[in-house]
Amino acid sequence: MKKMNLALGGLLVISAGLFWLINQLTPRPGSVSGNGNVALLFMMPLPLLFILSLVLWYFIFKKMKLQLAAAGGMLLVLAAVIGAGIYYQQQALERYRQYLFQVNKEMHGWEDWDYIRSITDSLASPHVNSQYFNGFTYLWFLAATIFAGLFTYAVRCVNDSRRGKSIE
């Protein structure tokens, strides 16, 4: 159990470091990133880290022998947290677009919503790195790994109980 906790802790620290690095690679408002979004290179390991974290959470819950009712309650809470996070993130992105609009208007003297939408409509755009990779979204990533591991554990418990097996 201790090795799993250490491995999970290590994965989460690496993930946090990648989130921080990607956040730091956001160009200043009004400037252009001449090399495209270099942060895409640092985004690539995140799906693998997510999957590895999910697997470790599953085995941690399995070792703890978490009751199905407790798992269900935790899943509901985590789903609510993730849903609220998605809503908050959409609101934060809209506020950031307003901010970029004002900076663009002050720098160039004209209003160009098409430009603001074009630089903020894709994860591949370097202008939104700070929006999608910050401390809040890292906590959201963490909650999603816990949710996925717990969901996997709960599904396995339900399937095993239907077959009359224990989740040992």
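Residues numbered from 1 in each chain as written. Predicted model: local features only at pLDDT ≥ 70, side-chain atom pairs only at ≥ 80, totals over all residues. Heavy atoms only, no water.

## Examining the layout of surface pockets
In step 1: Taken as a whole, the largest pocket encloses approximately 260 Å³ of empty space.
In step 2: Looking at the largest pocket, the residues that line it are F19, M43, L46, I82, L123, Y132, F133, T137, W140, F141 and A144.
In step 3: Element by element, the count of residues in the lining of the largest pocket is highest for helix α7 (residues 135–162), at 4 residues. (1 Å grid on protein atoms, 1.4 Å probe; cavity = no way out; pocket = protein on both sides within 12 Å on 5 of 7 lines; lining within 4 Å. Points joined across faces, edges and corners; volume = space filled by probe spheres on them. Helix = DSSP H or I, 4+ residues; strand = E, 2+ residues; numbered from the N terminus.)

## So, a nonpolar patch on the surface
In step 1: Judged by side-chain polarity, L25, V38, L41 and M44 come together as a nonpolar surface patch covering roughly 370 Å² of accessible area.
In step 2: Take L41: it is sitting in helix α2 (residues 40–43). (Patch = residues over 30% accessible without salt bridge, like charges linked within 9 Å, V, L, I, M, F, W, Y side chains within 5 Å. Areas by Shrake-Rupley, 256 points an atom, 1.4 Å probe, with all protein chains shown as cover. Salt bridge = Lys/Arg side-chain N within 4 Å of Asp/Glu carboxyl O.)

## Structural notes on the nonpolar core
Where a protein is soluble and globular, its nonpolar side chains tend to be buried together.
In step 1: Counting 30 residues, the largest nonpolar core has L46, F61, L150 and Y153 as the members making the most contacts within it.
In step 2: At the level of elements, α1 (2–24), α3 (45–64), α4 (68–108) and α7 are the ones that each hand at least two residues to this core.
In step 3: For this core, the element with the highest residue contribution is α7, accounting for 8 residues.
In step 4: If near-sequence neighbours (up to four positions away) are discounted, F61 is found in contact with L66, M74, I146, G149, L150 and Y153.
In step 5: Core analysis: the next-biggest nonpolar cluster, separate from the first, contains 5 residues, Y96, F101, I116 and I119 among them. (Core = buried A, V, L, I, M, F, W, Y, C linked by side-chain atoms within 4.5 Å. Buried < 20%, exposed > 50% of the residue type's maximum accessible area, 1.4 Å probe, protein only. Contact = heavy atoms within 4.5 Å.)

## As for the packing of aromatic side chains
In step 1: Taken as a whole and assessed by the stated rule, the structure comprises 13 aromatic pairs.
In step 2: Ring plane angle 75 degrees and centroid distance 5.5 Å describe the contact between F19 and Y138, whose orientation is recorded as edge-to-face. Residue F19 is found in helix α1, and its partner Y138 is found in helix α7; the two are separated by 119 residues along the sequence. Of the two residues examined, F19 and Y138, each falls in the buried class.
In step 3: Feature note: the residues F19, F50, F133, Y138 and F141 constitute an aromatic cluster, connected by ring pairs. (Phe/Tyr/Trp six-rings, centres within 6.5 Å; stacked < 30°, edge-to-face > 60°.)

## Looking at the pattern of salt bridges
In step 1: Tallied over the entire structure, the rule returns 5 salt bridges.
In step 2: In this structure, R117 engages E94 in a salt bridge whose closest nitrogen and oxygen atoms are separated by 3.4 Å. On the criterion of sequence distance, the pair formed by R117 in helix α5 (residues 113–120) and E94 in helix α4 is long-range, its members being 23 residues apart.
In step 3: For E94, a relative accessible area of 28% translates into the label partly exposed.
In step 4: K105 is paired through a salt bridge with E111; the nearest N and O atoms lie 3.0 Å apart.
In step 5: On the basis of relative accessible area, K105 is assigned to the partly exposed category, the value being 33%.
In step 6: The network of salt bridges with shared partners includes E94, R97 and R117.

## Focus: α5
In step 1: Every buried residue belonging to α5 is among I116, I119 and T120, and all of these are buried. End-on view of α5: buried residues confined to an arc of 90 degrees, all on one side of the axis.
In step 2: The backbone nitrogen of D114 has a side-chain oxygen 3.4 Å away, supplied by the residue at the start of α5, namely D112. (Arc of directions from axis to C-beta. Polar contact = N/O pair within 3.5 Å; in protein donor to acceptor, adjacent residues only side chain to side chain.)

## Let's talk about the packing of α1 against α3
When two helices pack together, you describe them by how their axes are tilted relative to each other and by the distance separating the axes.
In step 1: At a minimum axis distance of 10 Å, the contact between α1 and α3 shows a crossing angle of 150 degrees. Between α1 and α3, the crossing angle belongs to the class labelled roughly antiparallel. Considering the relative orientation of α1 and α3, their crossing is left-handed. Residues M4, N5, A7, L8, L11, L12, I14, S15, L18, F19 and I22 of α1 lie in contact with α3, whose contacting residues are P45, L46, L49, L52, S53, L56, W57, F59, I60 and K63. (Axes fitted to C-alpha atoms, helices over the stretch in contact; angles between N-to-C directions. Parallel < 35°, antiparallel > 145°, perpendicular 65-115°, else oblique. Left-handed = near helix turned anticlockwise from the far one by under 90°.)

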